Amino acid sequence: MPKMFKKKEEEKVFKVRRGKFVSRLRGMKDILPDEYKYWNLVIKKASELSKAYGFRRIGTPVLENLELFERSSGRSSDIVTKEMFSFIDKNNDKIALRPEATPGIVRTYIEHGMFNLPQPVKLFWLGPVFRHDKPQAGRFRQFSQFDLENIGDPSPVADAELISLAYYFFRELQIDVITQINSIGCAVCRKEYLVKLENFYKERGRRVKLCHDCKKRLAKNPLRLLDCKEKPCLEMAAEAPQIVDSLCDDCRNHFIKVLEYLDELDIPYNLNPTLVRGLDYYNRTVFEIWPVEVEASADAGLDKISDQPTFAKPDAVKEGLPRQSALGGGGRYDGLVEYMGGRPTPACGFGIGIERVILKIKEKNIPLKDEEKGDIFLAQLGDQARRKIMKLFEVLRKAGYSARQAFTKDSLKSQLEMANKMGVKYTLILGQKEIMDGTILIRDMESGIQEIIDYKKILAEVEKRLGNPAK
Ligand code: AMP
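Owing to the predicted nature of the structure, the values given are computational and were not obtained by experimental measurement. (Residues numbered from 1 in each chain as written. Predicted model: local features only at pLDDT ≥ 70, side-chain atom pairs only at ≥ 80, totals over all residues. Heavy atoms only, no water.)

Caption draft 1: Expanded view of the packing of helix α6 (residues 156-172) against helix α11 (residues 249-264). The N-to-C vectors of α6 and α11 enclose an angle of 40°; their axes lie 8 Å apart at closest approach. For the element pair α6 / α11, the angle class is oblique. When you trace α6 past α11, the crossing you get is right-handed. Every residue of α11 that contacts α6 at Pro156, Val157, Asp159, Ala160 and Ile163 is listed here: His254, Lys257, Val258, Tyr261 and Leu262. Across the contact of α6 with α11, the residue classes tally to 7 nonpolar, 1 polar and 2 charged. (Axes fitted to C-alpha atoms, helices over the stretch in contact; angles between N-to-C directions. Helix = DSSP H or I, 4+ residues; strand = E, 2+ residues; numbered from the N terminus. Parallel < 35°, antiparallel > 145°, perpendicular 65-115°, else oblique. Left-handed = near helix turned anticlockwise from the far one by under 90°. Contact = heavy atoms within 4.5 Å. Nonpolar A, V, L, I, M, F, W, Y, C, P; charged D, E, K, R; others polar.)

Encoded structure:
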């Protein structure tokens, strides 16, 4: 021990009393090393697909002005009224932890003059979001989303591209999903529909049966009555007039085109007349991605489109589908960029919850490649050998081999046990004798056969056995 650690200092360290443990916050999740193989897989898939479809990565701050979300997501949305982590900072500014990605991305698009770029601007975003929701399985207060946004494209192809991309993402992760889809029209046709909807709820004493929240929604945001998950509200929503019957010609044609593309691409979907999504900025296409198990119970009640969108009443929706099981959701938001201070710009996007995707992968026991596995392990005996092997490790790593080590271990037995666990094909072993002889041992981990090789020829010998990773 270096002299500077005097005896007194040492005693002080050991006299420290065990402190009170501070646990993590409710609804927050730690990601332990074993879990990262799932994260890496999901992030890799999201990045690959985004790149292939021309979406470029973007990052936005976790903290934004509270007003950004109040104005975009909507002052009456659940996200803003109930779930936002907001506070006043030391400058007396009203701040919020982002509860979703789209408002920040739209702000970035406007603030950085992306309207001057060739349109559309296709953006890929991945990061944590925060919602003060009631924690339960698959519902956290901090979770991560993979988001794609297409800003500047009014055509139904853009909607269909996003929906198909989300489908391929899940299919390639071996998760069976189905898209729930609806159109909530534009400001003009929705206005007419909302009158019909309000009249429906005012008829024959329906209003009294509504839950507490829906009574308020009836005045502020009647569309939200359709996706309430309380049983009496669900039952009434199933009987309510459907928005597709009120779409104007442009919205109706847009919707039919989206569905035609999906049919062409064989993307499975269900028309879901009560799907409205909870945010103010959506118009026309809205969709959610549900795992097939959940969807199966609702399947009976929902029709697939023919050339005329007509909807059956979703009986199974009455049973109450667990909303937190949606894996992703999104839609078109043609008015948001302008509303947030930009030029009139059509746009659409979606968000997928990474934790829920990982839960699904785990639930289905989808086998994953163990990333900790390596090609070659470097074992050492004695301090001199350790120093030499630490240098050799860097040489092999830089040459592109997945080299593994346990420099802090002294016993050869425990090092070989680790090498076995890591599934390496070969272990290089360096001890005092080999240093004296200018050699090193190479052990075939399957057969247990060890050969002595010239230390200077290590790279050539390793290449002979494992190939050249650079080629
Ligand atoms: P939303 O914008 O609310 O539809 O969220 C998009 C996706 O994020 C959902 O489909 C979920 O996969 C995921 N998600 C939403 N809320 C939570 C939450 N509280 N915990 C974990 N994942 C969530």
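Caption draft 2: How the structure looks around the site of the ligand. Taken together, the neighbourhood of the ligand is formed by 13 residues, with Arg131, Phe140, Arg277, Leu327 and Gly328 sitting nearest. A distance of 3.0 Å separates an oxygen atom of the ligand from a polar backbone atom of Gly328. In the environment of the ligand, an oxygen atom lies 3.2 Å from a nitrogen or oxygen atom belonging to the backbone of Gly353. When the ligand is considered free in solution it has 480 Å² of accessible area, and contact with the protein chains removes 91% of it. Looking at the shell around the ligand, the elements that each hand over two or more residues are β6 (142-151) and β11 (347-353). (Near = heavy atom within 4 Å. Polar contact = N/O pair within 3.5 Å; in protein donor to acceptor, adjacent residues only side chain to side chain. Areas by Shrake-Rupley, 256 points an atom, 1.4 Å probe, with all protein chains shown as cover.)

Caption draft 3: Main features of the packing of aromatic side chains. Summed over the entire model, instances satisfying the criterion amount to 12 aromatic pairs. By way of ring pairs, the aromatic residues Phe124, Phe146, Phe169, Phe170, Phe287 and Phe350 are connected into one cluster. The positively charged end of Arg71 is found above the aromatic ring belonging to Tyr339, 5.1 Å away from the centroid. For the cation-ring pair, Lys388 lies above Tyr455, with the distance from its terminal atom to the ring centre recorded as 4.2 Å. (Phe/Tyr/Trp six-rings, centres within 6.5 Å; stacked < 30°, edge-to-face > 60°. Lys NZ or Arg CZ within 6 Å of the ring centre and 35° of its normal.)

Caption draft 4: Focus on the pattern of salt bridges. In total, this model carries 35 salt bridges according to the counting rule given. Look at the salt bridges and you will find they share partners, linking Asp78, Lys82, Asp213, Arg217, Arg224 and Asp227 into a network. (Salt bridge = Lys/Arg side-chain N within 4 Å of Asp/Glu carboxyl O.)

Caption draft 5: Focus on α6. With 17 residues, α6 ought to run about 24 Å at 1.5 Å a step, and its terminal C-alpha atoms sit 24 Å apart, in line with that. Taken across its 17 residues, α6 has 13 buried, putting it largely inside the fold. Looking one or two residues beyond α6, the residue adopting positive phi is Gln174, at roughly 65°. (Expected span 1.5 Å × (residues − 1). Buried < 20%, exposed > 50% of the residue type's maximum accessible area, 1.4 Å probe, protein only.)

Caption draft 6: Spatial organisation of a negative patch on the surface. Taken together, the side chains of Asp34, Asp370, Glu371 and Glu372 make up a negatively charged region of the molecular surface. Within the secondary structure, Glu371 is located in the loop between α14 (354-363) and β12 (376-380). (Patch = residues over 30% accessible without salt bridge, like charges linked within 9 Å, V, L, I, M, F, W, Y side chains within 5 Å. Lys, Arg positive; Asp, Glu negative; His and termini not counted. Charge placed at Lys NZ, Arg CZ, Asp CG, Glu CD.)

Caption draft 7: Molecular detail of the sheet that holds strand β4 (residues 94-97). The strand order β2-β4-β3 describes an open sheet built from 3 strands, whose pairing is antiparallel. Of all the strands in the sheet, just β2 (63-65) and β3 (86-88) have a single pairing partner and so form its edges. With strand direction ignored, the average angle separating the axes of adjacent strands in the sheet is 35°. By the bridge criterion, 3 bridges tie β3 to β4 in an arrangement that is antiparallel. Bridge pairing links Ile88 to Lys94 in β4. (Pairing = 2+ DSSP bridges.)

Caption draft 8: How the structure looks around the nonpolar core. Ranked by size, the top nonpolar core spans 97 residues in total, and within it Phe146, Phe169, Ile181 and Tyr201 carry the most contacts. Residue contributions to this core peak at 10 residues, all from α6. Other than its neighbours up to four places away in sequence, Phe146 contacts Ala46, Ser50, Phe124, Trp125, Leu126, Phe169, Phe350, Gly351, Ile352 and Ile354. With 20 residues, the next largest nonpolar core counts Ile376, Phe407, Ile442 and Ile453 among its residues. (Core = buried A, V, L, I, M, F, W, Y, C linked by side-chain atoms within 4.5 Å.)

Caption draft 9: Inspection of the pairing of β6 at higher detail. The buried count for β6 comes to 9 of 10 residues, which makes it a mostly enclosed element. Sheet analysis places strand β5 (residues 121-130) next to β6, joined by 10 bridges and oriented antiparallel. Bridge pairing in β6 places Phe124 opposite Leu148. Relative to β11, β6 is paired through 7 bridges, and the arrangement is antiparallel. The partner of Asn150 across the bridge, within β11, is Cys348.

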